[in-house]
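Listed below, chain by chain, are the residues.
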Amino acid sequence: VRGSPAIGPDGTIYIVIERLGASRMDTSEELHAISPLGVQKWKVVISTTYAEIGALTPSIAADGTIYVAGRDLTAYAPDGTLKWRDHSSQSNTSLYFASPAIGSDGTIYSVHWSTYGSWGQVLRAYAPDGEILWSSPDLGTYPMTGSPSIAADGTIYIGFHDTQGLANNMGALAAITPAGGLKWVFSTGDFDVRSAPVIAEDGTIYFGTKGNNGFVFAVNPDGTKKWSYATIDDARCPCGVDVYGSPVIAEDGTVYAYNEFGYLYSFKPDGTL
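Residues numbered from 1 in each chain as written. Predicted model: local features only at pLDDT ≥ 70, side-chain atom pairs only at ≥ 80, totals over all residues. Heavy atoms only, no water.

### Let's talk about the overall build of the chain
The secondary structure content of the chain amounts to zero helices and 23 strands. For 273 residues, the compact-globule estimate of 2.2 N^0.38 gives 19 Å, and the C-alpha radius of gyration of the chain, at 19 Å, lies within 12% of that figure. Burial status across the chain gives 54% buried among its 273 residues. At a minimum sequence separation of 6, the contacts of the chain that also span at least 24 residues come to 38%. For the chain, the distance from the average position of its 16 positive side-chain charges to the average position of its 28 negative side-chain charges is 5 Å. (Helix = DSSP H or I, 4+ residues; strand = E, 2+ residues; numbered from the N terminus. Rg over C-alpha atoms; globule rule 2.2 N^0.38 Å. Buried < 20%, exposed > 50% of the residue type's maximum accessible area, 1.4 Å probe, protein only. Contact = heavy atoms within 4.5 Å. Lys, Arg positive; Asp, Glu negative; His and termini not counted. Charge placed at Lys NZ, Arg CZ, Asp CG, Glu CD.)

### What to know about the pattern of salt bridges
The final tally for this structure, using the stated rule, is seven salt bridges. In this structure, the salt-bridge partner of R19 is E30, at a minimum N-O distance of 2.8 Å. Linking R19 in strand β2 (residues 13–19) with E30 in strand β3 (residues 28–34), this pair joins segments that are 11 residues apart in sequence. Taking the shortest distance from any N to any O, the salt bridge between D86 and R124 comes out at 3.3 Å. You can see D86 sitting in strand β8 (residues 82–86) and its partner R124 sitting in strand β11 (residues 120–126), a full 38 residues away along the chain. As far as the burial class goes, D86 and R124 line up, both buried. (Salt bridge = Lys/Arg side-chain N within 4 Å of Asp/Glu carboxyl O.)

### Some words on the layout of surface pockets
Volume-wise, the second largest pocket comes out at about 160 Å³. Considering the residues around the second largest pocket, the lining is formed by I199, A200, E201, D202, Y206, I249, A250, E251, G253 and P269. Looking at the lining of the second largest pocket residue by residue, the classes come out as six nonpolar, one polar and three charged. (1 Å grid on protein atoms, 1.4 Å probe; cavity = no way out; pocket = protein on both sides within 12 Å on 5 of 7 lines; lining within 4 Å. Points joined across faces, edges and corners; volume = space filled by probe spheres on them. Nonpolar A, V, L, I, M, F, W, Y, C, P; charged D, E, K, R; others polar.)

### Some words on the nonpolar core
In terms of nonpolar packing, the biggest core is built from 15 residues, with L123, W134, L139 and I158 touching the most fellow members. When residues of this core are traced back to their parent elements, those giving at least two are β10 (108–114), β11, β14 (156–161) and β15 (171–176). The residues touching W134, leaving out its near neighbours within four places in the chain, are Y109, L123, R124, A125, I156, I176, T177, P178, A179 and G180. Counting 13 residues, the second largest nonpolar core, distinct from the first, contains A151, Y157, L173 and F217. (Core = buried A, V, L, I, M, F, W, Y, C linked by side-chain atoms within 4.5 Å.)

### Some details on the sheet that holds strand β19 (residues 215–219)
With respect to topology, four strands assemble into an open sheet ordered β17-β18-β19-β20, the strand pairing being antiparallel. Both outer strands of the open sheet, β17 (198–199) and β20 (225–230), are each paired with one neighbouring strand and no more. Direction of pairing for strand β18 (residues 205–208) relative to β19: antiparallel, over a ladder of four bridges. Residue G208 lies in a different strand from β19, and its bridge partner there is V216. (Pairing = 2+ DSSP bridges.)

### Here's the deal with the sheet that holds strand β22 (residues 255–258)
On the basis of which strands lie adjacent, the open sheet formed by three strands has the order β21-β22-β23 and antiparallel pairing. Strands at the two margins of the open sheet, each flanked by one partner only, are β21 (248–249) and β23 (264–267). Pairing analysis gives four bridges linking β22 to β23, with the strands arranged antiparallel. When the sheet's bridge partners are listed, A257 is paired in β23 with Y265.

### With respect to the packing of aromatic side chains
Applying the stated criterion across every chain yields a total of 16 aromatic pairs. On the numbers, 5.3 Å between centres and 80° between planes, the contact of F186 with F217 is edge-to-face. Linking F186 in strand β16 (residues 182–187) with F217 in strand β19, this pair joins segments that are 31 residues apart in sequence. With respect to burial, F186 and F217 carry one shared label: buried. (Phe/Tyr/Trp six-rings, centres within 6.5 Å; stacked < 30°, edge-to-face > 60°.)

### With respect to the side chain of T254
Here T254 lies in the loop between β21 and β22. What makes T254 buried here is its relative accessible area of 14%. A polar atom in the side chain of T254 sits 2.9 Å from the side chain of D252. Apart from residues lying up to four places away in sequence, T254 is in contact with V248, I249, S266 and F267. (Polar contact = N/O pair within 3.5 Å; in protein donor to acceptor, adjacent residues only side chain to side chain.)

Shown next as structure tokens:
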């Protein structure tokens, strides 16, 4: 188990695991439901093909439906019954790397990557019954591992490594409309964005980058830069400074972030350390 647990409306705890066998072809992917007292309620086998979903966190809807990404995107009822499964690319190499996000209306937003046909990755929107509502424009071929985040106006933000020339082939933040159109793309000047964006009450988007700088970024809702901080400036050796995890915003607006080098940062909303 490498992902965080998720807690349902009734207090049930859900975790995703990889049960490793002698090879990748002998690996099962499972969803476990555990009571608040630590007793297993049920478990289901999601897949018998290695997909690294043990690194992901299940997503729970308001009605208790559990969504799990991996080789497929699957939806389970609170009792463990399979509601639906999406594998629409019909390709064994289709993967959903990041945990889905769920809108206030129940729409599910999930990253999809495939080498089937014209390979690449998109953000998809699903209705609660599993119908694909739309797919975003192509966001390149480098797998996205950060979950999408949904703003109050319905805009969806997702970090990715640009291979399409949308953001100078660098790590980027994309803003996608509730209808699936591309609003803007912000180039970070670093290699990749692997953290899920975090949205403040005033609409500011905070996220980190992987690369030579290890930035913490604050971006305005119109896609313009508010401020950035390069954590590489604090490193005392040529070692990792990637900001993999998502920042956290406190009630007073303070932003907390950490990098791979081992520093925890606290910023005022204006970027002052």
